[in-house]
Amino acid sequence: MRLWHQSLLSVLPKSQLLAQWRELNSIYAKEDRHILINYIYDYSKDDLFSYTQLVLQEMRARDINIRTVDKMERYFANGPFEKVMNPFIHHHNNEYFEICYFNLKEKFMRGQKDFDTERFEALRKIYEAME
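Rules used throughout
Residues numbered from 1 in each chain as written. Predicted model: local features only at pLDDT ≥ 70, side-chain atom pairs only at ≥ 80, totals over all residues. Heavy atoms only, no water. Helix = DSSP H or I, 4+ residues; strand = E, 2+ residues; numbered from the N terminus. Rg over C-alpha atoms; globule rule 2.2 N^0.38 Å. Buried < 20%, exposed > 50% of the residue type's maximum accessible area, 1.4 Å probe, protein only. Contact = heavy atoms within 4.5 Å. Areas by Shrake-Rupley, 256 points an atom, 1.4 Å probe, with all protein chains shown as cover. Lys, Arg positive; Asp, Glu negative; His and termini not counted. Charge placed at Lys NZ, Arg CZ, Asp CG, Glu CD. Expected span 1.5 Å × (residues − 1). Axes fitted to C-alpha atoms, helices over the stretch in contact; angles between N-to-C directions. Parallel < 35°, antiparallel > 145°, perpendicular 65-115°, else oblique. Left-handed = near helix turned anticlockwise from the far one by under 90°. Nonpolar A, V, L, I, M, F, W, Y, C, P; charged D, E, K, R; others polar. Phe/Tyr/Trp six-rings, centres within 6.5 Å; stacked < 30°, edge-to-face > 60°. Lys NZ or Arg CZ within 6 Å of the ring centre and 35° of its normal.

As a further point, take the overall build of the chain. Across its full length, the chain carries 5 helices and 0 strands. Along the chain, helices (α) and strands (β) appear in the sequence α-α-α-α-α when read from the amino end. Against the compact-globule benchmark of 14 Å for 131 residues, the chain has a radius of gyration of 15 Å, which places it among compact chains. Per-residue burial for the chain yields a buried fraction of 41% across its 131 residues. Contacts spanning at least 24 positions in sequence make up 80% of the contacts within the chain whose residues lie at least 6 apart. Total accessible area on the chain is roughly 7800 Å²; 48% of this is exposed by carbon and sulfur atoms. Within the chain, the 20 negative side-chain charges are centred at a point lying 6 Å from the centre of the 19 positive side-chain charges.

In structure tokens form, the structure reads like this:
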């Protein structure tokens, strides 16, 4: 379970983006605990709401059908929430960006079917711009 660095959402392969939505829904339904996401509970729901909006925005940009929003709506029913420009700012830092980048790079190197060269080159450009 991982929440990808927000700077990488636009270049995630479709399978990772869909998995991100499933992971968010798991958080909404059960407030899952996992070593890779426990930090989110140290932040206000504003951060998770803002991050969720970024994921939804990317899914819509790719015309990915979002079928289930009921868990999200229940989880955020006590809104409204303030927009956070950099969700999870202390954890989604440059080091975390690099961790996510190399995780995705390995998926590309191992031949993940929906991770083409064009998407990897876009990922690499984002990485080089962060250096």
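After presenting the structure, the write-up continues.
So, on to helix 2 (residues 45-61). Taking 1.5 Å of rise per residue, the 17 residues of helix 2 would be expected to cover 24 Å, and the 24 Å separating its terminal C-alpha atoms lies within 8% of that figure. Residues of helix 2 that are buried make contact with helix 1 (14-30) and helix 3 (70-75).

Relative orientation of the contacting elements helix 4 (residues 94-109) and helix 5 (residues 117-130) amounts to 155°, with a least axis distance of 11 Å. By the angle between their axes, helix 4 is roughly antiparallel relative to helix 5. In this structure, the crossing between helix 4 and helix 5 has a hand that is left-handed. Each of N94, F97, E98, Y101, F102, L104, K105 and F108 in helix 4 lies in contact with helix 5, whose residues at this interface are T117, F120, L123, R124, I126, Y127 and M130. Across the contact of helix 4 with helix 5, the residue classes tally to 10 nonpolar, 2 polar and 3 charged.

Here we come to unusual backbone geometry. Of note, the bond from G79 into P80 is cis; its omega dihedral lies within 30 degrees of zero at 10°. Relative to the elements of secondary structure, P80 occurs in the loop between helix 3 and helix 4. The phi torsion at D63 lies on the positive side, around 60°, for a residue other than glycine. Along the chain, D63 turns up in the loop between helix 2 and helix 3. Non-glycine residue F88 carries a positive phi angle of around 55°. Its location among the elements puts F88 in the loop between helix 3 and helix 4.

Before going further, it helps to spend a moment on the packing of helix 1 against helix 2. Two elements in contact, helix 1 and helix 2, have axes separated by 11 Å at closest approach and are oriented at 145°. For the element pair helix 1 and helix 2, the recorded crossing hand is left-handed. Across from L17, L18, Q20, W21, L24, I27 and Y28 in helix 1, the residues of helix 2 making contact are L48, Y51, T52, V55, L56, E58 and M59. Residue classes in the contact of helix 1 with helix 2 are distributed as 11 nonpolar, 2 polar and 1 charged.

Here we take up the packing of aromatic side chains. What describes a pair of aromatic rings is the distance from one ring centre to the other and the angle between the planes of the rings. Per the counting criterion, the structure on display carries 18 aromatic pairs. Relative to Y96, the ring of Y39 has its centre 6.5 Å away and its plane inclined at 65°; by these criteria the two rings are edge-to-face. In this pair, Y39 sits in the loop between helix 1 and helix 2 while Y96 sits in helix 4, placing the two residues 57 residues apart along the sequence. When sorted by exposure, Y39 lands in the same class as Y96, which is buried. Ring geometry for Y75 and F76: centres 5.1 Å apart, planes at 90°, overall edge-to-face. For the residue pair Y75 and F76, the accessibility class agrees, reading buried in each case. Grouped by ring-pair contacts, the aromatic residues W21, Y28, F49, Y75, F76 and F81 constitute a single cluster. Cation over ring: K45 sits above Y75, and NZ or CZ is 4.0 Å from the ring centre.

No statement about biological role is implied by the geometric values presented.
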